[in-house]
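# Tertiary structure, described
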Amino acid sequence: MTTTLAKLAPSDDTITIRQLSDDPYSIYRRLRAEAPVLRVKSVGRTMLTKAEDTKYVKDNPELFSSNDPQTPMERAFLAHTLMRKDGAAHKAERGAMAPAFSGKNIKNCWQPIYTRIAEEFVAALPRGEIVDLYPTLAGPFAAHCLKHLLGIEEASDADMQRWSQVLIDGAGNFGWDDAPFARSDAANAEMDALFERVVPRHLTDPNPTVLSTMVNAEHPIAKSQIFANVKIAIGGGINEPRDALLTILYGLLTNPDQLAECRENALWTAAFEEGVRWVAPIQVSARLVTEDTQIRGYDIPRGETVMTVQASANHDEDLYEHPERFDMFRPKRPHQAFGNGPHFCQGTHIARRMLADIMLPMLFDRFPNMRLPDPAQVRFYGFGFRGPLQLPVILD
Ligand code: HEM
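Keep in mind that what you see is a predicted model, and the values were worked out from it rather than measured.

### Some thoughts on the overall build of the chain
- Counting secondary structure elements, the chain contains 16 helices and 12 strands.
- Computed over its C-alpha atoms, the radius of gyration of the chain comes to 21 Å, within 12% of the 21 Å expected for a compact globule of 396 residues.
- With respect to the three principal axes, the spread of C-alpha positions in the chain is 75 × 50 × 40 Å.
- Residue burial in the chain is summarised as follows: out of 396 residues, 55% are buried.

### A few points about the site of the ligand
- As a matter of local geometry, the ligand sits amid 27 residues, with H90, R94, R287, H343 and C345 nearest to it.
- Here R94 contributes a side-chain N or O atom positioned 2.8 Å from an oxygen atom of the ligand.
- In the model, an oxygen atom of the ligand is placed 2.8 Å from a nitrogen or oxygen of the R287 side chain.
- Of all the secondary-structure elements, those providing two or more residues to the shell around the ligand are α5 (87-97), α11 (223-236), α12 (239-253) and β6 (284-289).
- Taken together, the residues of the shell around the ligand break down into 15 nonpolar, 8 polar and 4 charged.

### As for unusual backbone geometry
- Look at W176: it is not a glycine, yet its phi comes out positive at around 55°.
- If you trace the backbone, W176 turns up in the loop between α8 (157-171) and α9 (178-204).
- Relative accessible area serves as the criterion here: at 42%, W176 is assigned to the partly exposed category.
- Of note in this structure, R296 is not a glycine but carries a positive phi near 50°.
- Inspection of the secondary structure puts R296 in the loop between β7 (293-295) and β8 (298-300).
- Overall, the relative accessible area of 39% leaves R296 in the partly exposed class.

### As for the packing of helix α6 (residues 103-123) against helix α7 (residues 133-150)
- Following both chains from N to C, one finds α6 and α7 inclined at 150°, their axes separated by 10 Å at the closest point. Looking at the two axes, α6 sits roughly antiparallel to α7. In this structure, α6 meets α7 at a crossing whose hand is right-handed. Every residue of α7 that contacts α6 at W110, I113, Y114, R116, I117, A118 and F121 is listed here: T136, L137, P140, F141, H144, C145, L146, H148 and L149.
- Residues that form the contact of α6 with α7 fall into these classes: 12 nonpolar, 3 polar and 1 charged.

### Overview of the pairing of strand β3 (residues 45-48)
- Here β3 shows two buried faces, one formed by R45 and M47 and the other by T46 and L48.
- By the bridge criterion, 4 bridges tie strand β2 (residues 37-40) to β3 in an arrangement that is antiparallel. Within the sheet, the bridge partner assigned to V40 lies in β3 and is R45.
- The antiparallel pairing of β2 with β3 creates a hairpin that spans 4 residues between the two strands, and G44 there sits at a positive phi of about 70°.
- Alignment of β3 against strand β9 (residues 305-309), held across 3 bridges, turns out to be parallel. Its bridge partner being in β9, M47 is matched across the sheet by M307.

### Comments concerning the side chain of Q346
- If you trace the backbone, Q346 turns up in the loop between α15 (310-313) and α16 (348-366).
- Side-chain polar atoms of Q346 contact the backbone oxygen of R94, separated by 3.0 Å.
- For Q346, the residues in contact, after removing those within four places along its chain, are L82, R94, M97, A98 and F101.

### Brief notes about the environment of L288
- Following the sequence through the fold, L288 ends up in strand β6.
- Remark: the alpha-carbon pair of L288 and P69, spanning 219 residues in sequence, is separated by 8.8 Å.
- Setting aside its immediate chain neighbours within four residues, L288 contacts L63, F64, S65, N67, D68, P69, G303, E304 and T305.

### A short note on the coordination of the iron atom of the ligand
- Looking at the protein side alone, the iron atom of the ligand has one donor only, C345 (SG), at 2.3 Å.
- If you trace the backbone, C345 turns up in the loop between α15 and α16.

### What to know about the sheet that holds strand β1 (residues 11-12)
- Overall, mixed pairing links the 6 strands, which are arranged β1-β2-β3-β9-β6-β4 in an open sheet. Sheet topology places β1 and β4 (64-65) at the edges, where each strand pairs with a single neighbour.
- Note that β4 and β6 share 2 bridges and pair antiparallel. Looking at the pairing, F64 lines up with V289 of β6.
- Strands β3, β4, β6 and β9 of the sheet are contacted by helix α3 (residues 51-59), whose axis makes an angle of about 125° with β9.

Parameters and conventions
- Residues numbered from 1 in each chain as written.
- Predicted model: local features only at pLDDT ≥ 70, side-chain atom pairs only at ≥ 80, totals over all residues.
- Heavy atoms only, no water.
- Helix = DSSP H or I, 4+ residues; strand = E, 2+ residues; numbered from the N terminus.
- Rg over C-alpha atoms; globule rule 2.2 N^0.38 Å.
- Buried < 20%, exposed > 50% of the residue type's maximum accessible area, 1.4 Å probe, protein only.
- Near = heavy atom within 4 Å.
- Polar contact = N/O pair within 3.5 Å; in protein donor to acceptor, adjacent residues only side chain to side chain.
- Nonpolar A, V, L, I, M, F, W, Y, C, P; charged D, E, K, R; others polar.
- Axes fitted to C-alpha atoms, helices over the stretch in contact; angles between N-to-C directions.
- Parallel < 35°, antiparallel > 145°, perpendicular 65-115°, else oblique.
- Left-handed = near helix turned anticlockwise from the far one by under 90°.
- Contact = heavy atoms within 4.5 Å.
- Pairing = 2+ DSSP bridges.
- Donors = N, O, S within 2.8 Å, 3.2 Å for Na, K, Ca; no water.

Set out below in structure tokens:
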């Protein structure tokens with residue numbers, strides 16, 4: 001008689017969320033080499049740090065479901081959003097938003113609007129003095145663009161940023177504390193009230209925005225899901241372009257040779273891709289295991305939650321030499337900053353266009369001598385989402 005011995009992945013009770021927020025990349029480098037499949041107690045999940053494994057998980061949604069009921073996301077959004085659905089249910093809700101993100105709309109509608117918005121923000125920046133580009137540019141620019149895309153121009157940039165952060169905090173509230181949920185409940189009520197107010201305008205005057213596209217569809221999805229998924233876009237469409245912009249600027253300003261060549265040959269898309277590879281704005285994603293399976297020879301039982309660490313995948317030595325360096329001229333390899341599989345970021349092209357085609361060239365055109373007086377002052381932070389906490393530059 002033969003018995004199959006279960007071989008669970010090793011476990012760790014030393015790594016803390018604090019360490020993962022301060023300096024994740026040195027931890028991930030060690031894990032890729034020593035324990036690429038690791039049950040991390042503080043995170044409560046099996047972390048996968050190799051590019052091959054993170055992509056495999058996201059590309060196989062039947063085995064690795066997005067529908068993980070253990071996460072606080074449903075509680076924070078007061079809804080079961082498209083991000084936590086699989087198969088046909090996910091496809092229907094994603095498809096409802098899709099026309100707003102089409103290439104035609106990006107070119108004819110969002111590109112001109114975003115260019116005008118960028119011009120206003122860049123014109124308002126002070127010349128010749130130290131200015132932190134996080135609160136003055138990156139945050140409000142992302143919020144302002146997003147409210148146009150979504151069809152909720154009535155919201156203030158400050159409200160958009162607050163709602164986004166409150167939803168993120170609620171969705172990440174794994175301690176199930178009351179206070180973050182009280183804040184997300186209040187934000188949900190504010191957003192619902194605003195959406196109710198603007199829907200009649202979209203019904204009488206259909207337009208390419210996300211909200212209008214969904215309410216005017218031939219077979220609209222339920223209103224509660226329309227509202228829930230607009231909130232997903234609010235929670236997921238501000239931090240990432242904000243952090244990506246600051247990260248790319250930091251990468252370029254601390255590598256003047258690359259910046260010079262980038263400007264000379266207008267290589268902004270290459271700078272964008274390298275920036276999001278280097279420090280992925282969304283560092284991790286979770287998936288629920290639906291059947292007993294194995295990864296790298298370890299048993300992964302049904303009901304386990306795996307965490308794909310795309311931040312680590314993007315630094316995998318199998319794909320990248322000196323992955324810790326910002327090098328926009330490194331050989332091209334597909335990165336995973338926008339995810340993979342059916343939940344691949346719906347805002348990818350719009351984010352690329354708003355930063356690589358519009359904001360980056362405009363900033364360096366207006367301020368060709370922009371400089372970062374003290375790079376050591378810039379602190380990157382975050383485990384789930386990551387980016388610089390400030391970017392004090394002199395614009396000239
Ligand atoms: C540099 C900017 C951005 C990055 C790096 C980024 C990254 C990501 C990633 C990694 C995911 C997949 C999460 C998972 O697999 O669980 C995602 C999903 C998503 N993103 Fe983005 N994102 C960015 C900008 C945006 C923008 C501007 C929008 C605009 C609304 C947006 C809308 C969405 C939506 C709706 C989803 C959910 C898609 C689905 O579940 O089918 N993203 N994003």
